[in-house]
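Chain by chain, the residues:
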Amino acid sequence: MATAPVTHPMFDRRIEDALADPDLTERLAQHPDAAAALVADARALAAAAFDDDDETALDAAHRSLYLLYAQGGWSPVHAPRANEHDLTVAAVLLELEAGFERQLGRLPLPDDLPPDPDAFAPWLADLALERELPQLPPTGMGPYIRDTITLDQLKEIVAQRSLFFLKEPDPWAMVIPSLQGPAKAGLLDLLLDEYGWGRHDHMHSTVYEHLMRRLDLDTAYDAYLPRASWQFLATMNLQGLYARHRRLCRRMYGYIYLVEADSPRSMRNYIAGYHRLGITDEDILKFYDLHITADEGHQDVALNEVVMPVVRAEPAAMEEVARGVLEGHLVHHDFSRHLHACFTAGRSSMRESA
Ligand SMILES: [Fe+2]
Ligand SMILES: [Fe+2]
């Protein structure tokens, strides 16, 4: 059993400070004990978070992972990057990732994975959309959005999801170089649509920005990071993990398929929720409307033009792709369960400002 170090709640602050320190590498070279302590604390934090399910540790671990992925991956060019390749920072990231991977690995794949790639498509569609996994029972969030949610609660969801949708689909673009041939063309087709085929006003992230403005939310880069729940950060970190490790890129193809396949029915729930609240403003509903149609197409492209060419060329990839769907279910389930628990108890799903 890991012993939780007293520094857990502040670990993400230590990472934030380390990333912003222009003299970090020099300072740690002069104080090797400090470097070793940071890595050891990361290992202990990962054990407390991902092996022992300690909520405070999960919060600190996911915040730290998010900061590290943002620096090395999807943050804009003006973010501080002096320490992107610092060896201590890299070691901290590997410790946190190892813990996250251990946690994900404890969720077993259903044991009826078909041996034949052609039987895989319907099996994967069932795993993404229909199958109830005993470890992940329905959270009730879909009906809650349709029938009960308030405007303030919707705004909390929009605010937290802005960490993805204002940069949709940047984390997915990070796996483009892992593909070849028709599967690469398939992913590009999907991504180009998300990027509005090069038209700024058609980019899905621009449409999300309009939605946020109409709801009086802040559209600045990662404005809601300090208040986002760790459960939402976990959905981002799953993508960061898949994007950064080429051995896990096949899981990203599965994850993209899951997101696209699940999107239309989820968007319909949101529209029903807004309508019930009397909201018919096109600038608010457009993001949801757009995705009902777009993602019907995207799920087909993700399955038949990305996943299937991959698994036909490499049948052993089926298990990895399926794990991407399964692990996506896990992190989305945790976020939905968190939202439902908070909203039905009349609490905010977001953290107090740090
Ligand atoms: Fe989109
Ligand atoms: Fe999409």
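Residues numbered from 1 in each chain as written. Chains lettered and ligands numbered in written order. Predicted model: local features only at pLDDT ≥ 70, side-chain atom pairs only at ≥ 80, totals over all residues.

## Description of the overall build of the protein
The number of helices and strands found in the protein is 15 helices and zero strands. Here the C-alpha coordinates of the protein stretch approximately 55 × 50 × 40 Å along the principal axes. The buried share among the 354 residues of the protein stands at 41%. The long-range fraction of contacts in the protein, counting pairs at least 24 apart against all pairs at least 6 apart in sequence, stands at 82%. (Helix = DSSP H or I, 4+ residues; strand = E, 2+ residues; numbered from the N terminus. Buried ≥ 20, exposed ≤ 12 C-beta atoms within 10 Å, placed from the backbone. Contact = placed C-beta atoms within 7 Å.)

## As for the confidence of the model for the protein
Confidence in the prediction for the protein averages 95 pLDDT; 97% of positions are at 70 or higher. In the model, residues 1–6 has pLDDT below 50 throughout and makes twelve contacts with residues more than four positions away in sequence or in other chains. (pLDDT = per-residue confidence, 0-100.)

## Some points on the nonpolar core
Among the nonpolar cores identified, the biggest contains 97 residues, and Leu45, Ala61, Leu124, Tyr257 and Val307 are the most heavily contacted of them. Formed jointly, this core draws a minimum of three residues from each of two domains, domain 1 (8–105) and domain 2 (117–344). Those residues in contact with Tyr257 that sit more than four places away from it in its chain are Leu124, Ala128, Gln299, Ala302, Leu303, Val307 and Val325. (Core = buried A, V, L, I, M, F, W, Y, C linked by C-beta atoms within 7 Å. Domains from an automatic or database assignment.)

## Describing the domain arrangement of the protein
Annotation of the protein at the domain level lists domain 1 (8–105) and domain 2 (117–344). The straight-line distance from the C-alpha centre of domain 1 to that of domain 2 is 26 Å. Each partner contributes residues to the interface: domain 1 has 14 residues there, and domain 2 has 16 residues. Those elements that place two or more of their residues in the side of domain 1 that touches domain 2 are helix H4 (55–74) and helix H5 (87–105). The element contributing the most residues to the side of domain 1 that touches domain 2 is H4, with ten residues.

## Some words on the packing of helix H10 (residues 181–194) against helix H14 (residues 282–313)
Two elements in contact, H10 and H14, have axes separated by 7 Å at closest approach and are oriented at 160°. In terms of axis orientation, H10 runs roughly antiparallel to H14. Two packed elements cross with a definite hand, and for H10 against H14 that hand is left-handed. Packed against H10, whose contacting residues are Gly181, Pro182, Ala183, Gly186, Leu187, Asp189, Leu190 and Asp193, the element H14 presents Ala294, His298, Val301, Ala302, Glu305, Val306, Pro309 and Val310 at the interface. (Axes fitted to C-alpha atoms, helices over the stretch in contact; angles between N-to-C directions. Parallel < 35°, antiparallel > 145°, perpendicular 65-115°, else oblique. Left-handed = near helix turned anticlockwise from the far one by under 90°.)

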